[in-house]
Structures are given as C-alpha cells and as structure tokens.
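# Structure assessment
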Amino acid sequence: MVSFIKEGQRMANQNAVMPAETINMITVAAAVSAAQKPPVVPLMGGYVSLSKKKLLKNLEINGGNRLNSWVDSMRASSPTHPSLDQSSWILHHPSALEMFEQIIDASKGKQIVMFLDYDGTLSPIVEDPDRAFMSKKMRKTVRKLATCFPTAIVSGRCRDKVYNFVKLAELYYAGSHGMDIKGPEKASKYKKDSEAVLFQPASEFLPMIDEVYKLLVEKTKSTEGAKVEHNKFCLSVHFRCVDEKKWSELAQQVRSVLKEYPKLRLNQGRKVLEIRPTIKWDKGKALEFLLESLGFANCTDVFPVYIGDDRTDEDAFKMLRDRGQGFGILVSKFPKDTSASYSLQEPHEASYGFFGTVGRVEATPVRATLKKLM
C-alpha cells in the first residue's frame, strides 16, 4: 500500500498535463480487409485540429482572455453536429465491434484490464446529472465483465456518487478525474491483499473546493438551467439546460469567481465547465496508478482498454497511445478529434455489444449469459 502511494506521489510531481456515428458498412469492410494485422496506432493522430486544440486547452483564468473565447470554447467542446468528414474519420477510428477479431488477436496471451468512463459510456447523457442512472441490464453486464478482468470506473464525478450509481463492490473506482481512487475492499484474484488501494493527491484543496462551490452556487443562481455539482476534488458547472444566449452570462459568472483562485484551473467537457486543482493529475495518470497498483506497471503482457465519450477521457486515450499498449475507444455519434483508436456509437453498443463480446472470449462459463446481453 505504501509503495502505491509513493508511486502516485511521484507521478503527481511529473510534468504538468495540459491538456460515432452511423457506420458505413462498405467503408468498414474496406478497413477490415485492408488491415490484416493486430490494431496499430493510426498514423493520422486522430485528425487533431491544432486551432481547436489550442482553443480547448486549459483556459487561463487570470490571463486576460476575452469572454468570447470562453463562449467559443464552450461551443467547440459541446458540438451539436459533425465537424469532421465522417467517411474519412471512420477509416482511422473504425467500430470496435466491426474490428473485434483483430482486437482479440492483439490481446491474445495478455491480461486485459478494463477502464470505463461513467456518463455517456455506462449511462446515457441526461439533462439532470443526478438522474444519470445505469440500467439493471448494464449493471449485470459490467458485473460479468469484472469476473473476467480487473475493471475500473474512471469518472469526473465524485467517487461516492459513482459508486451509488454503479453499486458493484468488486470494481475499482477513480472519481474526480482520478483524484480519488479506491479499490475493492475484498481480496480478489487480481489483488491478493485485503487492504483497498486509496489515493487522494489533491486533499489539501478540499477547503478551497468547498469555498468555491458555495460562491459558484450563489453567483450562478440567476442563470436559469445552470447547475453546480460538487464532486469532492473538483466542481462541475453544467450548462446543458442553459439557453445558448445565456452562455456568455454564465461564463462571466464563473470567471468572476475563479479569477480569485489561481490554484484552480478550468477545463471543458460536454456542456460542462470543469474546475480542478492545478495539480499534475488527470485520467491518464489515474490509469497509470491503477496499473501500478495491480502489478502491471512494467509488464509487457498487459492489454489496457479505456472506453469513454468526453474530452476529459482524451488524457487516458493519449496515455495508452504513448504507452504503446492496449487502446482507447471513443463513444460518440459524431466524428471528433481524438486519440482513441476505435469508436462505438452509443452506450448501448459499449455494454451489450463490446463488453459482452469481450467477456465471451475470456470465460466459457459466462459465455451463454453474456451472449444474451448482446
């Protein structure tokens, strides 16, 4: 346990992190026939647009950015229509279901480890974030998946809140974008000791987060539809239910609070402004920490898979790409700039399609049950 904490602290002191679809069957078939080998990192790098990448980079609260740049960033991180050519995009980010056999070929002889975002991956995106419930069928699927592989939920939500949504004690949970990590209480075949992994690299920021939460609730109460969510080590200002004409007003309210707190930074998500401590930690770092705690830090026979739908998941996708192990899967109806290698259109595809298919190749005893979920 102590070694895990030391490793986490070492990682937190490294370089700062600045940081779909209607499938065309003909295009996918061409991609499958053209790639008769295990999955590789797409050479095009996910069609990253440099101008948008700069726009969506962490906004400088006190850097004199004009308010309209905040609003432009809010629009860019919450697209309502495709901004990239779908047929070209799908060639470089094909459906994980269509490419499943190649994925399994690449993972043979290796330990698969599953990392899952929550909102938009295990549950649909809903207007009220407090009602983002996962279905009973989804819960059953994830439970079966966890019997086959070590499985973790990595979310921007508060860890306790995600646990209350998922209600599976056998999983690892990383809340607040990986700033609050805890493993199963009971020993498992992947973790022999009974002491839960627990890591909270941003504990010193808790009083500040509480203070800013109260200020944001008071400041934004005049903007209809705005909701401030306390996620323990970070805050989320949801604007999914805010009229777009009021986005500028909301951005000004948030900025007026954060300019007094230089130790906090702003990031963008899908219809949400994320406020986090300026520590060198994100979902990618959380994946590294979890792999370390599972004993896979320096293993060549591990195959991590991360499935997520939002910009905050890009840190995890990029970590896997840089690591050269496993891959990321983006859940999205539309083409997006991404470091993920594959795509799925909906949470439904992720659970009843990809999860179930992965489970079938691992354990014959659960094959019949998982087949029913597809």
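Scroll up for the structure.
Along each chain, the written sequence defines residue order, and numbers are assigned to residues from 1. Local features are withheld for residues below a pLDDT of 70 in this predicted model, meaning they are given only at 70 or higher, and side-chain atom pairs are given and counted only at 80 or more; totals for whole chains, interfaces and linings count all residues. The basis for the side-chain values is all heavy atoms of the structure; hydrogens and waters are excluded.

### Re the overall build of the protein chain
Going by this rule: Numbering goes from the N terminus for both helices and strands, where a helix is a DSSP run of H or I of at least four residues and a strand is a run of E of at least two. Burial classification: accessible surface area is computed with a 1.4 Å probe over protein chains only, and a residue below 20% of its type maximum counts as buried, one above 50% as exposed, and the rest as partly exposed. For every accessible area listed, the method is Shrake-Rupley and the probe measures 1.4 Å; residues are considered covered only by the protein chains on display.
Looking only at helices and strands, the protein chain features 14 helices and 12 strands. Taken across its 374 residues, the protein chain has 54% of its residues classed as buried. Element-wise, carbon and sulfur atoms account for 52% of the exposed surface of the protein chain, whose accessible area totals about 16,800 Å².

### A word on the sheet that holds strand S9 (residues 272–277)
For clarity, the cut-off: Pairing between strands requires that DSSP locate at least two bridges from one strand to the other. For helices, the axis comes from a line fit to the C-alpha atoms of the stretch in contact; other axes are also lines fit to C-alpha atoms, and the angle between any two N-to-C directions lies between 0 and 180 degrees. Between two residues, a contact is recorded if the distance between any of their heavy atoms is within 4.5 Å.
Taking strand neighbours across the sheet as the criterion, the four strands line up as S6-S7-S9-S8 in an open arrangement whose pairing is antiparallel. Because the sheet does not close on itself, it has two edges, and the strands there are strand S6 (227–230) and strand S8 (264–269). Geometrically, the sheet is characterised by an average inter-axis angle of 20° between neighbouring strands, direction not taken into account. Strand direction decides the pairing type here: strand S7 (residues 235–238) and S9, joined by four bridges, are antiparallel. Along S9, the bridge assignment pairs Ser236 with Glu274. With respect to the sheet, helix H9 (residues 206–220) is in contact with S6, S7, S8 and S9, its orientation differing from that of S6 by roughly 165°.

### As for empty space enclosed by the protein
Definition in use: Here a cavity is any set of points on a 1 Å grid over the protein atoms alone where a 1.4 Å probe fits but cannot get out, and a pocket is any open set with protein on both sides within 12 Å along at least 5 of 7 lines; a residue lines the site when it has an atom within 4 Å of a point. Grid points are joined across faces, edges and corners, and a volume is the space filled by probe spheres set on the points. Only Asp, Glu, Lys and Arg are considered charged in this grouping, and only Ala, Val, Leu, Ile, Met, Phe, Trp, Tyr, Cys and Pro are considered nonpolar; every other residue, Gly among them, is considered polar.
Each pocket or cavity is described by its volume, and for the largest cavity that value is around 350 Å³. At the level of elements, S7 and S9 are the ones that each hand at least two residues to the lining of the largest cavity. Residue composition of the lining of the largest cavity, grouped by class: five nonpolar, seven polar and 13 charged.

### Section: the pairing of S8
Along any regular strand the residues' side chains alternate between the sheet's two faces. Where burial is concerned, most of S8 is hidden: six out of the six residues are buried. Side chains Leu264, Leu266 and Gln268 of S8 all project onto a buried face; the interleaved residues Arg265, Asn267 and Gly269 project onto the opposite face, where all are buried too. With six bridges connecting them, S8 and S9 associate as antiparallel partners. Across the sheet, residue Arg265 finds its bridge partner in S9, namely Arg276. Hairpin connection of S8 to S9: two residues between the antiparallel strands, including Lys271 at a positive phi of 55°.

### Concerning unusual backbone geometry
Negative phi values dominate among residues other than glycine, just as trans dominates among peptide bonds. Phi is positive for Ser176, close to 50°, though the residue is something other than glycine. Position of Ser176 among the secondary structure elements: in the loop between strand S3 (172–175) and strand S4 (180–182). Assessed through its relative accessible area of 0%, Ser176 is described here as buried. Phi at Lys232 takes a positive value of approximately 70°, unusual for a residue other than glycine. Residue position: Lys232 is located in the loop between S6 and S7. On the basis of relative accessible area, Lys232 is assigned to the partly exposed category, the value being 26%.

### Thoughts on the nonpolar core
Quick reminder of the rule: We define a nonpolar core as any set of buried Ala, Val, Leu, Ile, Met, Phe, Trp, Tyr and Cys residues linked to one another through side-chain atoms lying within 4.5 Å.
Grouped together as the largest cluster of nonpolar side chains are 55 residues, with contacts concentrated most on Phe115, Leu216, Val254 and Ile275. Top element by residues in this core is helix H10 (residues 247–258). It accounts for six residues. Setting aside residues up to four positions removed in sequence, Phe115 forms contacts with Ala152, Val154, Leu287, Leu290, Leu291, Pro304, Val305, Tyr306 and Ile307.

### Section: helix H11 (residues 283–293)
Extensive coverage of H11 is indicated by the burial of nine of its 11 residues. Considered for burial, the residues of H11 that qualify are Lys283, Gly284, Lys285, Ala286, Leu287, Phe289, Leu290, Leu291 and Ser293. Positive backbone phi, at 85°, marks Gly295, one or two positions downstream of H11.

### Considering the pairing of strand S11 (residues 327–331)
Counted only if it meets this: Handedness of a crossover: with both strands directed away from the viewer, a clockwise path from the first strand across the helix to the second marks it as right-handed.
In terms of residue burial, S11 counts as a mostly covered element, since five of its five residues are buried. Alternating residues of S11 divide into Phe327, Ile329 and Val331 and Gly328 and Leu330, and every residue in both groups is buried. Looking at chain direction, strand S10 (residues 302–308) and S11 are connected through four bridges and run parallel. Note on S11: the bridge partner recorded for Gly308 is Leu330. One crossover worth recording links S10 to the parallel S11 by way of helix H12 (residues 314–323), and it is right-handed. In terms of strand pairing, S11 meets strand S12 (residues 342–344) through three bridges, oriented parallel. Paired with Val331 across the strands is Leu344, a residue of S12.

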